[in-house]
Amino acid sequence: MNNIAIILCAGNGTRMKSDKSKLLLEICGKTVVERTVETFSDIDEVNKIIIVCRESDYKDFQSVLSAYDVSYCFGGATRQGSVMNALATIDDCDLLLIHDGARPLVTKSEIHSAIAAAKEKGAAAVGVPVKDTIKVVDKDLKIVDTPDRSKLISIRTPQIFDFDLYCECAKLAQSQGNDFTDDCKLIENCGKDVFVVVGDYGNIKITTPEDIAVAENIIKSRGEAL
């Protein structure tokens, strides 16, 4: 199979309050993006990795990832736009793996499990059961509903799709003028099913300065065995 991983690294990361991309910050001696790419590079079923980054970060990413066989394209105005820019560089593919570059602690086990599920069912995403009680509120922050927690999943990445299915759903979204912040939603919008693979709670997204410390503790608890 020809499976391609798109690693999204083009966000502006304003909540990190850093003067450079959060993907270039270090966690236990390695940059966020290097940890992410290193894990995907070790997956035999991934044949190609495409890094989607801001043009202003391109040279820095090239320097940090010089030891890895990756290709690049520049990000769009939105997440979906960034994925579409990467798709435009792909001629042929079986499974499309889409991952947040800011999730450097994804495990190989999660990736393997999601690939297996996507092979069988066409669309799969890593997720974890919600631990907290979730409330739906109105514009005044008044609670209006309490969903059943047993039915709630917090979605992570990678999200993996049959390539032709993803392209079909992306074309529909474009024709509708829809711009989704989640790739599963793009597939759902097409009336297709997406299945969840239960992942690791340690697969966090690096978003704020506090997340760096949390990630360091997770790495130490794993003994660097990702």
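The structure we're discussing is the one just above.
Keep in mind it's a predicted model, so treat the numbers as computed, not measured.

Reading the values: rules and limits
Residues numbered from 1 in each chain as written. Predicted model: local features only at pLDDT ≥ 70, side-chain atom pairs only at ≥ 80, totals over all residues. Heavy atoms only, no water. Helix = DSSP H or I, 4+ residues; strand = E, 2+ residues; numbered from the N terminus. Rg over C-alpha atoms; globule rule 2.2 N^0.38 Å. Buried < 20%, exposed > 50% of the residue type's maximum accessible area, 1.4 Å probe, protein only. Contact = heavy atoms within 4.5 Å. Areas by Shrake-Rupley, 256 points an atom, 1.4 Å probe, with all protein chains shown as cover. Lys, Arg positive; Asp, Glu negative; His and termini not counted. Charge placed at Lys NZ, Arg CZ, Asp CG, Glu CD. Patch = residues over 30% accessible without salt bridge, like charges linked within 9 Å, V, L, I, M, F, W, Y side chains within 5 Å. Salt bridge = Lys/Arg side-chain N within 4 Å of Asp/Glu carboxyl O. Phe/Tyr/Trp six-rings, centres within 6.5 Å; stacked < 30°, edge-to-face > 60°. Lys NZ or Arg CZ within 6 Å of the ring centre and 35° of its normal. Pairing = 2+ DSSP bridges. Axes fitted to C-alpha atoms, helices over the stretch in contact; angles between N-to-C directions.

(A) How the structure looks around the overall build of the protein. A tally of helices and strands in the protein yields seven helices and 11 strands. On C-alpha atoms alone, the protein measures out to a radius of gyration of 17 Å, which is about the 17 Å that the 2.2 N^0.38 rule sets for 226 residues. Counting only residues that meet the buried cut, the protein has 45% of its 226 residues in that class. For the protein, restricting intrachain contacts to residue pairs at least 6 apart in sequence, the fraction spanning at least 24 positions comes to 70%. By element, 46% of the accessible surface of the protein is carried by carbon and sulfur atoms, the whole surface being about 11,300 Å². Within the protein, one finds 27 positive and 35 negative side-chain charges whose respective centroids are separated by 5 Å.

(B) Here's a closer look at a nonpolar patch on the surface. Taken together, the side chains of I153, I155, V196 and V198 define a hydrophobic patch exposed on the protein surface, amounting to about 300 Å² of accessible area. At the level of elements, strand 10 (153-162) and strand 11 (195-198) are the ones that each hand at least two residues to the nonpolar patch. Turning to its location among the elements, I155 is positioned in strand 10.

(C) Representation of the packing of aromatic side chains within the structure. Applying the stated criterion across every chain yields a total of three aromatic pairs. On the basis of an interplanar angle of 40° and a centroid distance of 5.4 Å, the ring pair of F161 and Y166 is categorised as tilted. A relative accessible area of 0% places Y166 in the buried class. Over the aromatic face of F195 sits the side chain of K121, whose NZ or CZ is 4.4 Å from the ring centroid. In this structure, K131 packs its charged tip against the face of Y201, placed 4.0 Å from the ring centre.

(D) Quick peek at the sheet that holds strand 6 (residues 95-100). Taken together, seven strands build an open sheet; the order of strands is 5-4-1-6-10-7-11 and the sheet is mixed. The sheet terminates laterally at strand 5 (71-74) and strand 11, the two strands that pair on one side only. Taking the axes of each pair of neighbouring strands and ignoring which way they run, one obtains an average angle of 30° across the sheet. For strand 1 (residues 4-9) and strand 6, the ladder comprises five bridges, and the chain directions are parallel.

(E) Highlighting the pattern of salt bridges. Across all of its chains, the model carries nine salt bridges by this definition. For R79, the salt bridge identified is with D183, shortest N-O distance 3.0 Å. Of the two residues, R79 is situated in helix 3 (residues 79-87) and D183 in helix 6 (residues 183-188); the sequence distance between them amounts to 104 residues. Using a relative accessible area of 3% as the deciding quantity, one classes D183 as buried.

(F) Quick look at unusual backbone geometry. Residue P158 is bonded to the preceding T157 through a cis peptide linkage, with omega at 15°. By the secondary structure assignment, P158 is in strand 10. With phi around 50°, C28 is a residue other than glycine that occupies positive phi space. Position of C28 relative to the elements: it lies in the loop between strand 2 (26-27) and strand 3 (30-31).

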